[in-house]
Amino acid sequence: MADGVYDAIIIGGGAAGLFCAATAGRRGRRVLLIEHAEKVGKKILISGGGRCNFTNREVSHKNYISENPRFCISAISRFTPSDFISLASRYHIAYHEKKLGQLFCNGSSKQIANMLVRECDVANVEIKTNCSIAKIERSENSFICESSEGSYHSDSLVIATGGISVPAIGATDFAYRLAKQFDIAVIPMRPALVPLIFDRDSWGFSQLSGVSLEVIISNDIAEFRDDLLFTHKGLSGPAILQISSYWREGEMLRINLLPDISKDMFLSEKNIKKLEIKNALAEYMPKRLSDIFCERMELRGNVSALSAESSKSLYESLTNWQIKPQGTAGFHKAEVTAGGIDTRELSSKTMECNKQKGLYFVGEAVDVTGWLGGYNFQWAWASGYAAGLVC
């Protein structure tokens, strides 16, 4: 092979980039993977609390957000969760299911990162770390990548540099800048799977920090049932992270704090009727929350003193608690970036740009954002695989 000349160059050594490189390499392609950080797979290593929620047993296009919700169907149907589970099993990576189909390593996220690097080694992929791209140009027959390590040429160029979430581990807007260079449309980016913050004077969040409970949270588009966590600045936990991807500034959210209690069941037990209201509510939710709720609503006295109308009104307040977030915790706290490369610019089968032959975008850089629970990794595997089969 001539120095600096490859069949395919993949920029970005995250989940999608590594998987794309290994897939292309197995086809006999001469592949170079370039990563600007000191090592590949940094986001993999911190994911899932260090155990990597690498996929979900049940995946469909309904688990993804995009301006074109059906764009992901081709890729996720051709490389499925079962396919990735089979690969992990070949490497003897033990895993377990937490809930809702979420699969985690029994050991460490390093197992997934090491497996992907090994797959690249087997496929003769050359990996360059600590290598930054200064400029990319398109000649008549190839792409020319000018980097801190020299000049590299290839027929195919895959951009797998991710979104702008978690800048602390090196996230950049490289993909979107390159898209602009090649006149490729980009859907405006926003933080997704991110905590929500509130005006601290509007509710006693600082007093409730650390309190968690299972809720149903919804807006006019989506509804999720999962755990909610109060923080010093607002709300987090899986339920909040899920709905945050659908939330827009200025919008109200509805929270059911009593998802398993029917109106007929509420405060109906004989032993509860004898209790103070705040103590009665503590039978259904954490005590600190019941205390704050009663304080805010000026509820005092025993349950037995509540009229039927007051009891009904209290139930409605607890099952339809409406709050308006001040905003999100931003990209530095977001797990993923929503928006990105407009899918109308790409082939859903190959991830190749329609107007620029040989240029591909995969993974988080594309306007396909998964729910919490392994869906974003599955999109990384599937989109990387789709491009790797042809690049």
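Further up the page is the structure itself.
Residues numbered from 1 in each chain as written. Predicted model: local features only at pLDDT ≥ 70, side-chain atom pairs only at ≥ 80, totals over all residues. Heavy atoms only, no water.

(A) Representation of the packing of aromatic side chains within the structure. One pass over the structure, following the stated rule, counts 18 aromatic pairs. Taken together, a centroid distance of 5.9 Å and an interplanar angle of 45° make the contact between Phe 224 and Tyr 246 tilted. Here Tyr 246 lies in the loop between α8 (238-244) and β16 (253-256) and Phe 224 lies in strand β14 (residues 223-230), a separation of 22 residues in the sequence. Just as Phe 224 is buried, Tyr 246 falls in that class too. (Phe/Tyr/Trp six-rings, centres within 6.5 Å; stacked < 30°, edge-to-face > 60°. Helix = DSSP H or I, 4+ residues; strand = E, 2+ residues; numbered from the N terminus. Buried < 20%, exposed > 50% of the residue type's maximum accessible area, 1.4 Å probe, protein only.)

(B) Quick peek at the sheet that holds β16. Taking strand neighbours across the sheet as the criterion, the seven strands line up as β17-β16-β13-β14-β15-β12-β18 in an open arrangement whose pairing is antiparallel. Of all the strands in the sheet, just β17 (321-323) and β18 (327-328) have a single pairing partner and so form its edges. Bridging between strand β12 (residues 196-197) and strand β15 (residues 234-236) involves two bridges; their strand directions are antiparallel. Note that in β15 the partner of Leu 196 across the bridge is Leu 235. Together, β16 and β17 form the strand contacts of helix α12 (residues 308-319), whose direction differs from that of β16 by roughly 115°. (Pairing = 2+ DSSP bridges. Contact = heavy atoms within 4.5 Å. Axes fitted to C-alpha atoms, helices over the stretch in contact; angles between N-to-C directions.)

(C) Inspection of the side chain of Ser 154 at higher detail. Tracing the backbone shows Ser 154 in strand β10 (residues 150-159). Among the polar contacts listed, one links the side chain of Ser 154 to the backbone oxygen of Ser 156, at a separation of 2.7 Å. Those residues in contact with Ser 154 that sit more than four places away from it in its chain are Tyr 6, Asp 7, Ala 8, Ile 9, Ser 142 and Phe 143. (Polar contact = N/O pair within 3.5 Å; in protein donor to acceptor, adjacent residues only side chain to side chain.)

(D) Up close: the sheet that holds strand β5 (residues 95-97). Strands sit in the order β3-β6-β5 across an open sheet of three strands; the sheet is antiparallel. Where the open sheet ends on each side, the last strands, each with one partner, are β3 (53-56) and β5. On average, adjacent strands in this sheet sit at an angle of 30° to one another, irrespective of strand direction. Relative to strand β6 (residues 102-105), β3 runs antiparallel, the two being bridged by three bridges. Bridging across to β6, Asn 56 finds its partner in Gln 102. In this fold helix α4 (residues 81-90) packs onto β3, β5 and β6, with an angle of close to 140° to the strand it touches most, β3.

(E) The arrangement of helix α13 (residues 375-388) in detail. The end-to-end C-alpha distance of α13, which contains 14 residues, comes to 19 Å, matching closely the 20 Å that a straight helix rising 1.5 Å per residue would cover. Counting buried positions along α13 gives 13 out of 14 residues, so the element sits mostly inside the fold. (Expected span 1.5 Å × (residues − 1).)

(F) Representation of the environment of Ser 348 in the model. Within the fold, Ser 348 resides in the loop between β19 (336-341) and β20 (359-361). For the pair formed by Ser 348 and Ala 386, sequence separation is 38 residues and the distance between their alpha carbons is 8.6 Å. Not counting residues up to four positions away in its chain, the partners in contact with Ser 348 are Phe 71, Ser 74, Ala 75 and Arg 78.

(G) Region of the structure containing the packing of helix α1 (residues 15-26) against α13. Running from N to C, α1 and α13 point in directions that differ by 35°, and their axes come no closer than 7 Å. The crossing of α1 and α13 is right-handed. Note on element contacts: α13 touches α1 through Phe 377, Ala 380, Trp 381, Gly 384, Tyr 385, Ala 387 and Gly 388, opposite Ala 15, Ala 16, Phe 19, Cys 20, Thr 23 and Ala 24. Residue classes in the contact of α1 with α13 are distributed as ten nonpolar, three polar and no charged. (Left-handed = near helix turned anticlockwise from the far one by under 90°. Nonpolar A, V, L, I, M, F, W, Y, C, P; charged D, E, K, R; others polar.)

(H) Local environment of the nonpolar core. Formed by 78 residues in total, the largest nonpolar core has its most connected members in Ile 112, Ile 136, Leu 359, Phe 361 and Trp 379. Leu 196, Leu 267, Met 285 and Trp 321 belong to the second-largest nonpolar core, a separate cluster that totals 42 residues. (Core = buried A, V, L, I, M, F, W, Y, C linked by side-chain atoms within 4.5 Å.)

(I) View of the pattern of salt bridges. Evaluation of the coordinates by the stated rule reveals 16 salt bridges. Glu 214 is paired through a salt bridge with Arg 225; the nearest N and O atoms lie 3.0 Å apart. Highlighted residues: Glu 214 in strand β13 (residues 212-218) and Arg 225 in strand β14, separated in sequence by eleven residues. Overlapping salt bridges bring together Glu 214, Arg 225 and Asp 260 as one network. (Salt bridge = Lys/Arg side-chain N within 4 Å of Asp/Glu carboxyl O.)

(J) Focus on the side chain of Asp 342. Its location among the elements puts Asp 342 in the loop between β19 and β20. Looking at Asp 342, the relative accessible area reads 4%, which means it is buried. Among residues more than four places away in sequence, those in contact with Asp 342 are Ala 185, Val 186 and Ile 187.

(K) How the structure looks around the packing of α4 against helix α5 (residues 110-122). Two elements in contact, α4 and α5, have axes whose closest approach is 11 Å; the angle formed by their N-to-C orientations is 90°. The orientation of α4 with respect to α5, classified from their angle, is roughly perpendicular. Along the contact surface, α4 presents Phe 84, Leu 87 and Ala 88, while α5 presents Ile 112, Met 115 and Glu 119. Each residue belonging to the contact of α4 with α5 can be placed in one class, and the counts come to five nonpolar, no polar and one charged. (Parallel < 35°, antiparallel > 145°, perpendicular 65-115°, else oblique.)

(L) Region of interest: α5. In a regular helix each residue adds 1.5 Å, so 13 residues correspond to 18 Å; α5 covers 18 Å between its end C-alpha atoms and thus fits that length. Restricting attention to buried positions, one finds in α5 the residues Ile 112, Ala 113, Met 115, Leu 116, Glu 119 and Cys 120. Seen along its axis, α5 keeps its buried residues to an arc of 160°; they face one direction. In this structure, α5 carries Lys 110, Asn 114 and Val 122 as exposed residues pointing more than 90 degrees from its buried face. Positive backbone phi, approximately 60°, marks Asn 124, located one or two places after α5. (Arc of directions from axis to C-beta.)

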